[in-house]
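Residues per chain, in single letters:
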Amino acid sequence: MLVASIAIIGTGYVGLTTGACFSHLGHDVVCADIDEAKVASLSAGEIPIVEKGLDRLVDEGLRSGKLRFVVGAAEASKDAEFHYLCVPTPQSADGSADLSYLETAAAQISGVLPHGSVVVNKSTVPVGSTRVVAKVLDRTDVAVVSNPEFLREGTAVNDFLQPDRVVIGSQDQEAAIRVAALYSRIAAPVMVTDPVSAETIKYASNAFLASKLSFVNAIATLCEAVGADVSDVVLGMGYDRRIGREFLRPGPGWGGSCFPKDTKALARIAEDAGYNFHFLDEVLRVNEDQFDRTAQKLIDAMPSEPDGKHIAALGLTFKAGTDDLRDSPSIEVLQRVTAAGFKVKAYDPAVTPDHNRLSEMYPDLDIEIMSDPYAAAENAAVLTILTEWDEFTWLDFDKLAEIMDGNNIVDGRNLLDPTIPRRRGFNYRGVGR
Ligand code: NAD
């Protein structure tokens, strides 16, 4: 089996997963970050993020010596054959992707890249960015390849090791074959195309999934208006293989670190290319409406004179199985209800009460974090589920009926079987049913 030396530049959700999985596949991996504290804790085997199975792979890599963590991109790249850029590409003020992290990382490694090595861009970048990286590198002896990442947080390790596809975009066929060989132990179709098409595949995939979610949320709104049950509607739709069941789940709106920024970036890419992608504007607008609608359901469920009573919010992360709070739909909804003057006590299994990340990310969000769902629910007028953590399906409704000072449940994820809370006297409101 081919064993390659791989440098990972940027050890976040994507970089750490990529590095740990490549080392698990037998490659020699060095992961770099600029965050010294993160490098120190990773070197000690402490995982800074919640991601199923990642701790085991990092532990395995550290023990075998196939996985190391260092500070600084150049330190990782100086002896590697492949250099994976996994740095952030956040949204800039005009909606386009900010390439400054990518350009900085490329500039940092340019002088140390061994002759004949391959720089692989795994960050999600606008069409044409492979050329931008090549320009910053300014190395004719180094190939630049696009290899977008499709992993989902919460199932990142599984998604990396069992992907639906591996996409490689390269003008240099030999470099594409070398990158494809890194995945030789993975059973998945490998598609080689040009860099611009690879970059477009990534954005088009995320924008399509976001569109599917906006569509199902719009259908859920229609179901509420006509008295249909969205759960049955999506089941009936999903049997059609052309539609499929995945991602036909209504919720409080979609979010996370990728969909909002990538959908906006694709609209911007289209605009720059002379095409007005109105469709995506509508996808984004439907999503804003969904945040508003969910917040309004909570406000409607509160007594007209709250008298200090609060909303108990279960779930803060953008989805279950991760601690990622970036662009979380739950936060969008809670920002709206707190702005309307309502008090919120929240619980999330991945956000501890002393967790200062939430207040660092959302300094204006005035909510109280509790250590368990019942502490949040005590004396609450309304209980809402905003993230689909499995543990919320096992709530003790007898206990909730005793400790709450109200009987309204707003299930923003359709997580519960409505008959269970209703049997205990709760008014249950889901999404589209
Ligand atoms: P992240 O913020 O979790 O991690 C990025 C890391 O890069 C941070 O630890 C940061 O300190 C580090 N970094 C920044 N500049 C650096 C430099 N010059 N040298 C070394 N380290 C540096 O980001 P992420 O969620 O892993 O996303 C990375 C990219 O992958 C983005 O383009 C994103 O759109 C894309 N992506 C993300 C996901 C996801 O689910 N998170 C999925 C697919 C693609």
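Above this note sits the structure.
What this report covers is the structure whose coordinates are included nearby. (Residues numbered from 1 in each chain as written. Predicted model: local features only at pLDDT ≥ 70, side-chain atom pairs only at ≥ 80, totals over all residues. Heavy atoms only, no water.)

## What to know about the overall build of the chain
In terms of helices and strands, the chain carries 17 helices and 14 strands. Considered along the principal axes of its C-alpha atoms, the chain spans approximately 70 × 50 × 40 Å. Looking at the chain residue by residue over its 433 residues, the buried ones come to 53%. Long-range contacts, defined here as pairs at least 24 residues apart, represent 74% of the contacts in the chain between residues at least 6 apart. For the chain, the exposed surface amounts to about 19,100 Å²; the carbon and sulfur share of it is 51%. (Helix = DSSP H or I, 4+ residues; strand = E, 2+ residues; numbered from the N terminus. Buried < 20%, exposed > 50% of the residue type's maximum accessible area, 1.4 Å probe, protein only. Contact = heavy atoms within 4.5 Å. Areas by Shrake-Rupley, 256 points an atom, 1.4 Å probe, with all protein chains shown as cover.)

## Notes on unusual backbone geometry
Positive phi, normally seen in glycine, also occurs at Phe 247, with a value near 65°. Tracing the chain through its elements places Phe 247 in the loop between helix 10 (230-238) and helix 11 (259-272). Not every positive phi belongs to a glycine, and Asp 307 is a case in point at roughly 50°. Tracing the chain through its elements places Asp 307 in the loop between helix 12 (278-301) and strand 9 (310-314). On the basis of relative accessible area, Asp 307 is assigned to the exposed category, the value being 68%.

## Considering the sheet that holds strand 11 (residues 368-369)
With respect to topology, six strands assemble into an open sheet ordered 11-10-9-12-13-14, the strand pairing being parallel. Whereas interior strands pair on both sides, the edge strands pair on one side only; in this sheet they are strand 11 and strand 14 (427-429). Of the strand pairs in this sheet, strand 10 (residues 343-347) and strand 11 are connected by two bridges, and their pairing is parallel. Counterpart to Lys 345 in the pairing with strand 11 is Glu 368. (Pairing = 2+ DSSP bridges.)

## Examining helix 10
Buried within helix 10 are the following residues: Val 230, Val 234, Met 237 and Gly 238. Taken down its axis, helix 10 places every buried residue within 95° of arc, on the same side. On the buried face of helix 10, the contacting elements are helix 9 (195-226). Among the residues of helix 10, the N-terminal cap falls to Asp 229, whose side-chain oxygen and the backbone nitrogen of Ser 231 are separated by 2.9 Å. (Arc of directions from axis to C-beta. Polar contact = N/O pair within 3.5 Å; in protein donor to acceptor, adjacent residues only side chain to side chain.)

## Digging into the site of the ligand
Near the ligand lie 27 residues; those nearest to it are Asp 33, Lys 38, Thr 89, Glu 153 and Lys 261. At 3.1 Å, a backbone N or O of Tyr 13 approaches an oxygen atom of the ligand. For the ligand, a nitrogen atom lies 2.9 Å from a polar atom in the side chain of Gln 108. Protein chains shield 91% of the accessible area of the ligand, which is 840 Å² for the free molecule. Looking at the shell around the ligand, the elements with two or more residues in it are helix 1 (13-24), strand 2 (28-33) and helix 5 (100-110). (Near = heavy atom within 4 Å.)

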